[in-house]
Amino acid sequence: MFTGIIEHLGTVESLKTNTEGGRLRIHSPSVAKNLEVSKSIAVNGCCLTVVEVERDHFSADLSGETLRKTSIGEWKEGTRVNLEQPLTAGKEFGGHFVLGHVDTIGRVARLSPEGENWWYGVEVPESFARYIVPQGSITIDGISLTVARWNGRLAEIAVIPFTYKHTNIRGKKIGDAVNLEGDVLGKYVERYLEARSGAKPVSHLTIEHLVSQGF
């Protein structure tokens, strides 16, 4: 489990893929020294297993499913990535519950300054829109963020200078792919209602609607 509080940045050194999967190698001196083979790490919000550690680098194997559901397949050498190690007992829980299980990808639609802050807008797929709640949590590339504005397809986040400086947001361009993970609590609510009603999945309902109905 993760919190969405980014602790380190890394850069893609190599990415080798095929139809069945691949291997990713990341350069990150600040975190590699703390890693062990078989342990987990979130890379742009995607929970991966460390399979090799060598000085300032670590590597992770990729499944075909990971490549299909995340933005990893679009990464290139030098791509900056957000890194977070799993939450440990006794550590401050500063973000929200993040599993590192990417639901889908979105696309950067806006990154514009407003004073010292930034507006960061991401267009999300229709299938993911039901998990967006204004003033609710969302994970974008592993970062725990709060949705400030929502118009049905575009989630906009007010980014403070610290977050802009210490994550990969500062290098984003319009059209870039980002990994999205919805709030797991909302997913459990949706699943519970499906099971209780015995009806068809409630995918057409948004979590915002459920909250408004007093669930």
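Everything below is about the structure printed above this text.
Caption draft 1: Focus on the sheet that holds strand β9 (residues 137-140). Sheet architecture is open: seven strands sit in the order β10-β9-β13-β7-β8-β12-β11, paired in antiparallel fashion. In the strand order of this sheet, the two ends are held by β10 (143-146) and β11 (149-150), each with one partner.

Caption draft 2: Here's a closer look at the state of the cysteines. Going through the model one piece at a time under the given rule, you end up with zero disulfides. Looking at Cys46, it has no disulfide partner, and the nearest cysteine sulfur is the one in Cys47, 7.3 Å off. You can call Cys47 partly exposed: its relative accessible area is 29%.

Caption draft 3: Up close: the side chain of Thr139. Note that Thr139 resides in strand β9. Judged by its relative accessible area of 2%, Thr139 falls in the buried class. Polar contacts involving the side chain of Thr139 include one to the side chain of His96, which spans 3.2 Å. The residues contacting Thr139, other than those within four sequence positions of it, are His96, Val98, Asn179, Leu180 and Glu181.

Caption draft 4: Fine view of the packing of aromatic side chains. This structure, assessed with the given rule, holds two aromatic pairs. Between the aromatic rings of Trp118 and Tyr164, the centroid separation amounts to 4.2 Å while the plane-to-plane angle is 5 degrees, which identifies the pairing as stacked. Placement of the pair is Trp118 in strand β8 (residues 117-123) and Tyr164 in helix α3 (residues 161-166), with a sequence separation of 46 residues.

Caption draft 5: Quick peek at unusual backbone geometry. The residue Asn44 is not glycine, and still its phi comes out positive at about 50 degrees. Take Asn44: it is sitting in the loop between β3 (40-43) and β4 (46-54). Positive phi outside glycine occurs at Asp141, with the angle close to 50 degrees.

The rules we used
Residues numbered from 1 in each chain as written. Predicted model: local features only at pLDDT ≥ 70, side-chain atom pairs only at ≥ 80, totals over all residues. Heavy atoms only, no water. Pairing = 2+ DSSP bridges. Helix = DSSP H or I, 4+ residues; strand = E, 2+ residues; numbered from the N terminus. Disulfide = S-S within 2.5 Å. Buried < 20%, exposed > 50% of the residue type's maximum accessible area, 1.4 Å probe, protein only. Polar contact = N/O pair within 3.5 Å; in protein donor to acceptor, adjacent residues only side chain to side chain. Contact = heavy atoms within 4.5 Å. Phe/Tyr/Trp six-rings, centres within 6.5 Å; stacked < 30°, edge-to-face > 60°.

Any link to function would need more than the numbers given here.
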